[in-house]
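Survey of secondary and tertiary structure
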Amino acid sequence: MAEITAGGKPVHTSGELPAIGSPAPDFLLTKNDLSDVSLKDFAGQRIVLNIFLSVDTGTCATSVRRFNAEIDKVANAVCLCVSRDLPFAQARFCGAEGLDRVISVSELRNLDFGERYGVRISDGPLAGLLARSVVVIDEKGKVIYRQLVPEIQNEPDYEAALAILR
């Protein structure tokens, strides 16, 4: 279990992010078109997992916009924006913002992602949502970068996450 803060108040996650060099845990998440997607669907590509609470919060929305603007500058890479939002909300947000370079995915049908990646908030008013974090996976499925943002209201370190891909 990791400790982060939400508005300065301590909250905990369900575990720890996967270790650098470890195989990335598989997942089954739902895209905006309601099709399911797993880690193996991106085999041979580098993956940025932009994990957050909800696109309905300012910081989360900013992270989706930022990764959308940056991911095309990196060869052989895809960015999955992972939250508990319904696919309909994700599609509405990305459509209204013109964000078409990231792939929004939801824990709609399968709640294992938050547990496997150790990012489910386990206490406090945000319990059940996913803690703001970034995981980068190489083309062989190994974790090469991870960041659990210590204060949920803060943005992730975009430069560090993208630099590992350049």
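Everything numeric in this text was worked out from a predicted model, so none of it was measured. (Residues numbered from 1 in each chain as written. Predicted model: local features only at pLDDT ≥ 70, side-chain atom pairs only at ≥ 80, totals over all residues. Heavy atoms only, no water.)

What about the nonpolar core?
Put simply, the rule is: We call a set of buried residues a nonpolar core when its members are Ala, Val, Leu, Ile, Met, Phe, Trp, Tyr or Cys and they connect through side-chain atoms within 4.5 Å of each other. The buried label goes to any residue with under 20% of its type's maximum accessible area, the exposed label to any with over 50%, and the partly exposed label to all in between, with areas taken from a 1.4 Å probe on protein chains only. Secondary structure counts use DSSP, requiring at least four H or I residues in a row for a helix and at least two E residues in a row for a strand, with both numbered from the N terminus.
Residues V48, V64, F67, C79, F93, V134 and V136 are the most contacted members of the largest nonpolar core, which totals 29 residues. Those elements that place two or more of their residues in this core are helix 1 (58–70), strand 6 (77–83), helix 2 (87–97), strand 8 (133–137) and helix 4 (158–163). Tallying contributions element by element places helix 1 first for this core, with four residues. Counting 21 residues, the second largest nonpolar core, distinct from the first, contains L49, V82, L130 and I137.

Here's the deal with the pairing of strand 5 (residues 46–51)
If a strand is regular, its side chains alternate between the two faces of the sheet. Worth spelling out the cut-off: Criterion used throughout: strands pair if DSSP finds at least two bridges between them. The crossover handedness rule: strands pointing away from the viewer, path from first strand over the helix to second strand clockwise, crossover right-handed.
Counting buried residues along strand 5, six of its six residues qualify, which places the element largely inside the surrounding structure. Because side chains alternate across strand 5, one face comprises the buried residues R46, V48 and N50, and the other comprises I47, L49 and I51, equally buried. Where strand 5 meets strand 6, six bridges bridge the pair, whose relative direction is parallel. Along strand 6, the bridge assignment pairs V48 with C79. Traced from strand 5 through helix 1 to strand 6, the parallel crossover comes out right-handed. Note: strand 5 against strand 8, five bridges, orientation antiparallel.

Looking at the sheet that holds strand 8
The condition that has to hold: Throughout, an axis means a line fitted to C-alpha atoms (over the contacting stretch in the case of helices), and angles, computed between N-to-C directions, take values from 0 to 180 degrees. Here, residues are in contact when the closest pair of their heavy atoms is within 4.5 Å.
The strand order 4-3-7-6-5-8-9 describes an open sheet built from seven strands, whose pairing is mixed. The open sheet has two free edges, formed respectively by strand 4 (36–38) and strand 9 (143–148), since each of these has just one partner strand. Across the sheet, the axes of successive neighbouring strands diverge by a mean angle of 30°, strand direction being ignored. Taken together, the two bridges between strand 3 (residues 28–31) and strand 7 (residues 103–106) define a ladder with antiparallel strand orientation. Among the inter-strand pairings, K31 is bridged to a residue of strand 7, identified as V105. Where helix 1 meets the sheet, it contacts strand 5, strand 6 and strand 8, and its direction lies at approximately 160° from that of strand 5. Lying over the sheet, helix 2 contacts strand 3, strand 6 and strand 7, oriented at roughly 160° with respect to strand 7.

Remarks on the side chain of E70
Within the element layout of this structure, E70 appears in helix 1. Discounting residues that sit within four places of it in the chain, E70 has contacts with L162 and R166.

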